[in-house]
Amino acid sequence: MAQFFRAKKTTGKGQLFEVSIESLDHTGRGVTKHQGKVGFIEGALPSEQVKVRVLQQKAKLFEGVIEKVVTPSADRVKPFCQHYRECGGCSLQHLEKSAQVSHKQLAVEKLFAKFAGIQALPWHEAIVSDSLHYRRAGRIATYLDKSAKSLKLGFRASKSKKIVEVRDCAVLNEVYQEVFSILRDALNSDSQFKSVSHIQLCEADNFPFILLRHTKSIDEKARQALSTQLPWQVLWDDGSKEVHYGVLPEYQVDDVRFQFKLNNFIQVNAAVNEAMLLQAMDWLQLTESDRVLDLFCGIGNFSLLMAKRAKQIIGVEGVASSVAMATQNAHTNGIDNAQFFQFDLTQDMVSATWFNKEFNTLVLDPSRTGAYDILKQLPLEQFDQVLYVSCDPVTLARDSALIVESGFTVSKIALMNMFPHTGHIETMALFQRR
């Protein structure tokens, strides 16, 4: 049998070269061009000359990381965290905090131009918070170090299942500043705690909570002993039954109280969440004649404040536990003009009993996948205004094209820097009928 020579494919992985960085993409990576390919470089900033190491290379693009900053940007600052470039969070801490907001805004502009054909946006001042100690919630992973025979705590590395051991985290709320050292000692005090797989933190307005998820049974005596020595409200979850809450976590915005469970989605930056809700109320200017459809409503974060001003609120959410909590929150606050329904908003609206022709205001707060599926089906011509709250600028720009094509214009837009020092971009846009 004849054998033919086939050249091995060269991936270019590990290759080193020097490039100039032109801009940041919407995830916070530096963008460059080299030998006809577009490159995305972790840790690089615009105007910098850097030496990069290739991680992955394809026909028209490559990805890499910085090996050395040859000429630094004026906006480059010293990272504040000892776990920088190991931990999967805070990947933009090398960029000055006000410059982070500016670059995120520029990224949104580029995406609107690309997807919606809008070249100029009516920006309002960004909503910001303290850039440290801003996270009221977080999740800590654990792993058993077999050589040391001890449980270690940390966060997952970027794009990896590997857990990086963490000593402290400067973006967690102050009440959790010693959480790693306290838990490391406490969980290694009894072999039963080796089954704790991860830990959920949440500082509510009433108490700081900590939930321990474990894969094997832990006896009541050990639980009680641990709970009494920890400075937080301790909850236990073995996955087999409902978590027992002595009192539900809650937060308050304006005069509305929101109760929730730790498996419900809430915004982790309390200061930005409150400012975001108040800005939405200011932008919408609802009156007693308005009927609002709030899609992806969660536990009622927007719905319940809007119900204080509007005639009627209908909230729709795909997660049953969130719908139940939104309904409970309406009752707790004495709100009787808000109703909540469970519905998969990626599906056909033919069975949507919650929809009617009287809605004049649409509010959207989808996950990163966006609201395209439901926007394609809604009779958008019946709405006077659409408020879109986005956690992904790509799907926001894509969905905005549909809204604009239906006769709306972008009247206001603002960044909400929910996650300082990260590439995450949160945006609020108000569309009004032309």
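Residues numbered from 1 in each chain as written. Predicted model: local features only at pLDDT ≥ 70, side-chain atom pairs only at ≥ 80, totals over all residues. Heavy atoms only, no water.

Looking at this structure, I do not really get the layout of surface pockets. What am I missing?
Vacant regions in the atomic arrangement are exposed by a probe of water-molecule size rolled over the atoms. Taken as a whole, the second largest pocket encloses approximately 350 Å³ of empty space. R223, V234, L235, W236 and H244 are, among the 19 residues lining the second largest pocket, the residues nearest its centre. Only helix 3 (220–229) and strand 12 (233–237) provide two or more residues apiece to the lining of the second largest pocket. (1 Å grid on protein atoms, 1.4 Å probe; cavity = no way out; pocket = protein on both sides within 12 Å on 5 of 7 lines; lining within 4 Å. Points joined across faces, edges and corners; volume = space filled by probe spheres on them. Helix = DSSP H or I, 4+ residues; strand = E, 2+ residues; numbered from the N terminus.)

I'm lost on the confidence of the model for the protein chain in this one. Help?
Residues shown with low pLDDT carry predicted positions that ought not to be read at fine detail. Here the protein chain averages 94 in pLDDT, while 97% of its residues score no lower than 70. Ignoring residues within four places in sequence, the model shows residues 1–10, a span with pLDDT below 50, making 0 contacts including any to other chains. (pLDDT = per-residue confidence, 0-100. Contact = heavy atoms within 4.5 Å.)

Help me out: how do you make sense of the sheet that holds strand 18 (residues 361–364) in this one?
Backbone-to-backbone hydrogen bonds join strands into a sheet, with any given pair of strands oriented parallel or antiparallel. Spatially, the 7 strands line up as an open sheet ordered 17-16-15-18-19-21-20, and their pairing is mixed. Of all strands in the sheet, those bounded by a partner on one side alone are strand 17 (338–342) and strand 20 (408–416). Strand-to-strand twist across the sheet, computed as the mean angle between neighbouring axes with direction ignored, equals 15 degrees. Set on the sheet, helix 1 (residues 97–116) makes contact with strand 20 and strand 21 (426–433); between it and strand 20 the angle comes to about 155 degrees. Along the sheet, helix 4 (residues 270–284) makes contact with strand 18, strand 19 (385–390), strand 20 and strand 21, crossing strand 21 at roughly 10 degrees. (Pairing = 2+ DSSP bridges. Axes fitted to C-alpha atoms, helices over the stretch in contact; angles between N-to-C directions.)

Got a minute to help me understand empty space enclosed by the protein in this structure?
A complete count under the given rule lists 2 cavities of 30 Å³ or more for this structure. Taken together, L24, D25, H26, T27, G28, L92, Q100, H103, K104, T422, G423 and I425 make up the full set of residues lining the largest cavity. Of the residues forming the lining of the largest cavity, the biggest block, 3 residues, is contributed by helix 1. Considered class by class, the residues forming the lining of the largest cavity number 3 nonpolar, 7 polar and 2 charged. By volume, the second largest cavity amounts to about 30 Å³. The wall of the second largest cavity is formed by V101, K104, L415, M416, N417, I425 and E426. Broken down by secondary-structure element, the contributors of at least two residues to the lining of the second largest cavity are helix 1 and strand 20. Classifying every residue of the lining of the second largest cavity gives 4 nonpolar, 1 polar and 2 charged. (Nonpolar A, V, L, I, M, F, W, Y, C, P; charged D, E, K, R; others polar.)

Honestly, the packing of helix 1 against helix 8 (residues 393–405) in this entry has me stumped. Any pointers?
For any two helices packed against each other, one specifies the crossing angle of their axes together with the interaxial distance. Contact geometry of helix 1 with helix 8 gives a least axis separation of 8 Å together with a crossing angle of 35 degrees. For the pair helix 1 and helix 8, the sense of crossing is right-handed. Across the interface between the two elements, V108, L111, F112, F115 and A116 of helix 1 pack against P393, V394, L396, A397, R398, S400 and A401 of helix 8. Split into classes, the residues belonging to the contact of helix 1 with helix 8 amount to 10 nonpolar, 1 polar and 1 charged. (Left-handed = near helix turned anticlockwise from the far one by under 90°.)

Even after reading the chapter, I still don't get the pattern of salt bridges, so can you show me in this structure?
Opposite charge on two side chains makes pairing possible when the charged atoms of those side chains draw close. Applying the stated criterion to the full structure yields 15 salt bridges. Between R213 and D237 there is a salt bridge, with its nearest N and O atoms 2.3 Å apart. Taken as a pair, R213 in strand 11 (residues 208–214) and D237 in strand 12 lie far apart in primary sequence, 24 residues in all. D237 shares its class with R213; the two are buried. Linked by salt bridges that have partners in common, D145, K152, E165, R167 and R184 make up one network. (Salt bridge = Lys/Arg side-chain N within 4 Å of Asp/Glu carboxyl O. Buried < 20%, exposed > 50% of the residue type's maximum accessible area, 1.4 Å probe, protein only.)

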